[in-house]
Amino acid sequence: MSDREFGSNDDLSLPKATVQKIVTEILPPSSGLAFGKDARDVLIECCVEFITLISSEANDISEKESKKTIACEHITKALEALGFGEYVADIMEVANEHKEQVKGREKKANKLEQSGLTTEELLALQEEAFKDAAQRHG
C-alpha cells in the first residue's frame, strides 16, 4: 500500500471536536490537568499514523490470503504481528458489541417489512400520525 495509492497522511485526520471530547472525558477539568490544542493535534497525528500502520499490515495480510476485503481477523493478526497483541481482546469485545447493535438495526428494518403493509399504507399511517401530532401541539 503506497501513499500515492491511498493519498498521503496529510489527507487523513480525525474530528478535532470528537478527540477533544474523548480527552475531556479522560481528563476532566476537575483533574487539574490541561490538554492544549497543540497536544490534541499531535495526538490526532499519532492516531492517524497508528491507524495507517495497522491498516497497511491488515491489507498485506488480506492480500496474502487472496481476500479483497479486510476482515476483523486481519486487523487482529496485524495487531499481533506489530506487537500490539494486548489490544486484541478489547477490540474483539468492541467488535462483538458492534455486531449486536447491527443485528438490532436489522430487526427494526425487518419489523417494517414484516408488518404486511404496503409502502403507501405505511406513508398514510405516517401522515395520519403527523396530523395527530400537529393538532396536539399546534
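Preceding block: the structure.
These numbers were taken from a predicted model, which means no experiment stands behind them. (Residues numbered from 1 in each chain as written. Predicted model: local features only at pLDDT ≥ 70, side-chain atom pairs only at ≥ 80, totals over all residues. Heavy atoms only, no water.)

**Things to note about the layout of surface pockets**
Part 1: Counted as a void, the largest pocket has a volume near 280 Å³.
Part 2: If you list the elements that add at least two residues to the lining of the largest pocket, you get α3 (37–64), α4 (72–81) and α5 (88–113).
Part 3: Residue contributions to the lining of the largest pocket peak at four residues, all from α3.
Part 4: Looking at the lining of the largest pocket residue by residue, the classes come out as ten nonpolar, one polar and no charged. (1 Å grid on protein atoms, 1.4 Å probe; cavity = no way out; pocket = protein on both sides within 12 Å on 5 of 7 lines; lining within 4 Å. Points joined across faces, edges and corners; volume = space filled by probe spheres on them. Helix = DSSP H or I, 4+ residues; strand = E, 2+ residues; numbered from the N terminus. Nonpolar A, V, L, I, M, F, W, Y, C, P; charged D, E, K, R; others polar.)

**Digging into a nonpolar patch on the surface**
Part 1: Residues Phe50, Ile51 and Tyr87 make up a contiguous nonpolar surface patch of about 270 Å² in total accessible area.
Part 2: Given a relative accessible area of 44%, Ile51 falls into the partly exposed group. (Patch = residues over 30% accessible without salt bridge, like charges linked within 9 Å, V, L, I, M, F, W, Y side chains within 5 Å. Areas by Shrake-Rupley, 256 points an atom, 1.4 Å probe, with all protein chains shown as cover. Salt bridge = Lys/Arg side-chain N within 4 Å of Asp/Glu carboxyl O. Buried < 20%, exposed > 50% of the residue type's maximum accessible area, 1.4 Å probe, protein only.)

**Side note on the packing of helix α2 (residues 16–26) against α3**
Geometry of a packed helix pair, given as the angle between the helix axes and the separation of the axes.
Part 1: One can describe the packing of α2 onto α3 by two numbers: an axis separation of 10 Å at closest approach and a directional angle of 105°. Considering their axes alone, α2 and α3 lie roughly perpendicular with respect to each other. In contact with Lys16, Val19, Gln20 and Val23 of α2, α3 contributes Arg40, Asp41, Leu43 and Ile44.
Part 2: Across the contact of α2 with α3, the residue classes tally to four nonpolar, one polar and three charged. (Axes fitted to C-alpha atoms, helices over the stretch in contact; angles between N-to-C directions. Parallel < 35°, antiparallel > 145°, perpendicular 65-115°, else oblique. Contact = heavy atoms within 4.5 Å.)

**So, the packing of aromatic side chains**
Part 1: Counted by the stated rule, this structure contains two aromatic pairs.
Part 2: The interplanar angle of 90° and the centroid separation of 5.0 Å between the aromatic rings of Phe50 and Phe84 together place this pair among those described as edge-to-face. Placement of the pair is Phe50 in helix α3 and Phe84 in the loop between α4 and α5, with a sequence separation of 34 residues.
Part 3: Relative accessible area serves as the criterion here: at 22%, Phe84 is assigned to the partly exposed category.
Part 4: Members of the aromatic cluster, joined through ring pairs, are Phe50, Phe84 and Tyr87. (Phe/Tyr/Trp six-rings, centres within 6.5 Å; stacked < 30°, edge-to-face > 60°.)

**Thoughts on the packing of α3 against α4**
Part 1: At a minimum axis distance of 8 Å, the contact between α3 and α4 shows a crossing angle of 115°. Here α4 runs roughly perpendicular to α3, going by the angle between their axes. Two packed elements cross with a definite hand, and for α3 against α4 that hand is right-handed. From α3, Phe50, Ile54, Glu57, Ala58, Ile61 and Ser62 reach across to α4, where they touch His74, Ile75, Lys77, Ala78, Leu79 and Ala81.
Part 2: In terms of residue class, the contact of α3 with α4 is built from eight nonpolar, two polar and two charged. (Left-handed = near helix turned anticlockwise from the far one by under 90°.)

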